[in-house]
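# Structural characterization, general
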Amino acid sequence: MKFPAAQSILLIIAALVTFLTWLIPAGSYHSLSYQSTSDQFQIESQDSTYYLKASQENLEDLNVKIPLDKFTSGAIYKPISIPDTYQQLPSQPQGFVAFLSAPIKGIIEAADIIFLVLIIGGMIGIMNVTGAFNAGMGWLSKALKGKEFLLIIFTTLLISLGGTTFGLAEETLAFYPILIPIFIAAGYDSMVGLASIFLGSAIGVMCSTVNPFATIIASDAAGISWTSGLDGRMLIYVVCMTVTILYILIYAKKVKRNPEKSLVDASAIKSLSYIKEASEGNIVALTIRLRLILLIFTACFVVMIMGVSQWDWWFVEMTTVFFAGAIVIGFIAKMKENEFINSFLQGAGDLLGVAFIIGLARGITILMNDGLISDSILFYASELTTGMNKGLFVNVLFFIYQGLTFFIPSSSGMAVLTMPILSPLADNVNIGREVIVNAYQLGNGLFNSINPTGLVLASLGLVKIGYEKFLKFMLPLYAILALIGVIFLTLLSY
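Not measured: the values here are computed from a predicted model.

### Regarding the overall build of the chain
When you go through the chain residue by residue, the secondary structure sums to 24 helices and six strands. Of all 494 residues assigned to the chain, the portion counted as buried reaches 54%. Counting only carbon and sulfur atoms, one obtains 65% of the accessible surface of the chain, whose full area is about 21,600 Å².

### Quick word on the sheet that holds strand β2 (residues 31–35)
Here four strands make up an open sheet; going across it, the order is β4-β3-β2-β5 and the pairing antiparallel. In this open sheet, the two edge strands, each paired with only one partner strand, are β4 (49–53) and β5 (80–81). Of the pairings in the sheet, the one linking β2 to β5 comprises two bridges and is antiparallel in character. Residue Leu32 lies in a different strand from β5, and its bridge partner there is Ile80.

### Describing the nonpolar core
Counting residues in hydrophobic clusters, the biggest one holds 135 residues, and the most contacted among them are Leu194, Phe322, Met419, Tyr440 and Phe470. Setting aside its immediate chain neighbours within four residues, Tyr440 contacts Phe213, Ala214, Ala218, Tyr401, Ser411, Ser412, Met414, Ala415, Met419 and Gly445. Grouped together as the second largest cluster of nonpolar side chains are ten residues, Leu32, Phe41, Val64 and Ile82 included.

### Some details on the confidence of the model for the chain
The share of residues in the chain with pLDDT of 70 or more is 88%, and the mean pLDDT across the chain is 83. Every residue in residues 276–281 scores below 50 in pLDDT, and together they form four contacts with partners more than four places removed in sequence or on other chains.

### Some thoughts on the state of the cysteines
Taken as a whole and judged by the stated rule, the model has zero disulfides. In this model Cys207 remains outside any disulfide bridge; the closest cysteine sulfur is found in Cys240, 3.9 Å from its own. Overall, the relative accessible area of 1% leaves Cys207 in the buried class.

### Examining the packing of aromatic side chains
Taken as a whole and judged by the stated rule, the model has ten aromatic pairs. Relative to Phe470, the ring of Phe198 lies with its centre 5.9 Å away and its plane at 80 degrees, an arrangement referred to as edge-to-face. One end of the pair, Phe198, is in helix α9 (residues 190–206); the other, Phe470, is in helix α24 (residues 467–492), with 272 residues separating them in the sequence. Geometrically, the ring pair formed by Phe398 and Phe399 is tilted, given 5.0 Å between the ring centres and 55 degrees between the ring planes. On the basis of relative accessible area, Phe398 is assigned to the buried category, the value being 0%. Its relative accessible area of 45% is what places Phe399 among the partly exposed residues. A connected cluster of aromatic rings, assembled from ring pairs, spans Tyr247, Tyr251 and Phe473. The side chain of Lys256 reaches across the aromatic face of Tyr188, ending 5.0 Å from its centre.

### Considerations on the packing of helix α7 (residues 148–166) against α9
Relative to each other, α7 and α9 sit at 30 degrees, their axes nearing to 7 Å. As far as their axial angle goes, α9 and α7 are roughly parallel. The crossing of α7 and α9 is right-handed. Judged by residue contacts, Ile152, Thr155, Thr156, Ile159, Ser160, Gly163 and Thr164 of α7 engage Val192, Ser196, Ile197, Gly200, Ser201, Gly204 and Val205 from α9.

### Some thoughts on the environment of Ile43
Mapped onto the elements of the fold, Ile43 is located in strand β3 (residues 40–44). A relative accessible area of 0% places Ile43 in the buried class. Along the primary structure Ile43 and His30 are separated by 13 residues, whereas in three dimensions their C-alpha atoms are 6.7 Å apart. Once residues lying within four places of it in the same chain are set aside, the contact partners of Ile43 are Ser31, Leu32, Ser48, Thr49, Tyr50, Leu52, Leu62 and Ile82.

### Brief notes about the pairing of β4
Pairing of β3 with β4, which is carried by five bridges, proceeds in the antiparallel orientation. Along β4, the bridge assignment pairs Gln40 with Lys53. Taking the residues that link successive antiparallel strands as the turn, the β3-β4 hairpin has four residues.

### A short note on a nonpolar patch on the surface
Among the surface-exposed residues, Leu16, Phe19, Trp22 and Leu23 lie close enough to one another that they form a single nonpolar patch of about 480 Å² accessible area. Residue placement: Leu23 occurs in the loop between α1 (6–20) and β1 (27–28).

### Let's talk about the pairing of β2
Bridge count between β2 and β3: five bridges; the pairing is antiparallel. Note that in β3 the partner of Leu32 across the bridge is Ile43. The hairpin turn running from β2 into β3, its antiparallel successor, is four residues long, and Asp39 in that turn takes a positive phi close to 55 degrees.

### Thoughts on the pattern of salt bridges
Between side chains of opposite charge, a pair can form when the charged atoms approach closely. Under the definition given, this model contains one salt bridge. Ionic pairing is found between Arg362 and Glu109, a salt bridge with its closest N-O pair at 3.5 Å. Here Arg362 is found in helix α17 (residues 352–370), whereas its partner Glu109 is found in helix α4 (residues 96–109), with 253 residues between them in sequence. You can call Arg362 buried: its relative accessible area is 9%. Exposure remark for Glu109: the relative accessible area of 46% places this residue in the partly exposed category.

### Section: the side chain of Gln402
Within the secondary structure layout, Gln402 lies in helix α19 (residues 390–405). At 2.4 Å, the side chain of Gln402 forms a polar contact with the side chain of Tyr478. If near-sequence neighbours (up to four positions away) are discounted, Gln402 is found in contact with Gly443, Leu446, Phe447 and Tyr478.

### A word on the environment of Tyr29
Looking at the element boundaries, Tyr29 is found in the loop between β1 and β2. Residues Tyr29 and Ser376, spaced 347 residues apart in sequence, show a C-alpha to C-alpha distance of 8.5 Å.

Calculation criteria
Residues numbered from 1 in each chain as written. Predicted model: local features only at pLDDT ≥ 70, side-chain atom pairs only at ≥ 80, totals over all residues. Heavy atoms only, no water. Helix = DSSP H or I, 4+ residues; strand = E, 2+ residues; numbered from the N terminus. Buried < 20%, exposed > 50% of the residue type's maximum accessible area, 1.4 Å probe, protein only. Areas by Shrake-Rupley, 256 points an atom, 1.4 Å probe, with all protein chains shown as cover. Pairing = 2+ DSSP bridges. Core = buried A, V, L, I, M, F, W, Y, C linked by side-chain atoms within 4.5 Å. Contact = heavy atoms within 4.5 Å. pLDDT = per-residue confidence, 0-100. Disulfide = S-S within 2.5 Å. Phe/Tyr/Trp six-rings, centres within 6.5 Å; stacked < 30°, edge-to-face > 60°. Lys NZ or Arg CZ within 6 Å of the ring centre and 35° of its normal. Axes fitted to C-alpha atoms, helices over the stretch in contact; angles between N-to-C directions. Parallel < 35°, antiparallel > 145°, perpendicular 65-115°, else oblique. Left-handed = near helix turned anticlockwise from the far one by under 90°. Patch = residues over 30% accessible without salt bridge, like charges linked within 9 Å, V, L, I, M, F, W, Y side chains within 5 Å. Salt bridge = Lys/Arg side-chain N within 4 Å of Asp/Glu carboxyl O. Polar contact = N/O pair within 3.5 Å; in protein donor to acceptor, adjacent residues only side chain to side chain.

Quick look at the structure:
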């Protein structure tokens, strides 16, 4: 059986949600939002609006278990539901026309996020044409000659940095023909090369720190600033990447000492066409120009982080930085106009599917809101979680996200689909919403490391490794990372 694409799955879910608006009773909570200009809380219900002084005492009176500074600092900038204010309302069932128009409304409403995704995609398209990524990897392999174990460490680490900062995933497919021959020449098997590339990306995305396609989108959908919980995400990134690199090194050392311990068939390695074709002459030299391009590329993310954390930037400003960076890189690379435009459009087009996923998922939220069932679902879910231990609650979500990832492997699609529903539940068990974002990232990213509906099978096809052999290699590490995730989420919830 072949599973539908993420877009098709989201349309199926949208149809189901449309049907549920006819079954689930309509209702809503009163909402609370902070007005910075007047330093007041605005309280809204279906038929009234009133204001209260922004104070911790008023928050406690409303049973909102969130520190005042979360509002005044801008960490929570969207309206939140006020506990114990749910009331049933007249039913608002959504019809076929509402179902068809919801994706369009979702794309329009999520335009700021979508354009950020497309512009970053265009910039990556420009980077691929310049050869800067490949040159950096080629230079690294030469610099580490005679110290091959460092090749594993730096390859996994650098690719993971791409995963944790800008969601490097599909782009890694281009690295296999370049790097696998280097790993083979170093005395390792293709599983070591696959693990360094694929797991570097997968675990990096799993522990996203500033990834626009995971952290920023999820935090936005949860109504908090993406900088909330950044320290914890950096810590879990260091821990998980250290464990992953050590795991690969142990296997690589075993294979280097005794090739018979390899999980990979030697004949499969020899049959790889790019093993015969690869040579040092095919590796692009890391020139001063390409070094400068890599510096500009990295600087864009540094400026983005500074802008959001220090200068109150958001999607328009962030998108502008990457657009400007793409233009500067094009000039440095001396690209012709047509080449620049075509490369940019190609890169943006590669992420068009992600953009549609964001819009489709936002459309589902619109259907639920228009049908007045979003708050009803939150109400019934909160009833189920009442009295649940904090650590148990967040770890249940961690494993739920792993199950959902089988059907929706996209990190961005998962974020905008589930965050508006699940993040408010954090308020009911008195934990920060950033903990829910962490549960989503860890659950989604961890399962994608073995998910057959994700990038695993495409990557395995490039190196001719069977899925069952990869699972034999990966499952012990999967169990270790899952245990780390449980411990990390449990500690964060207290």
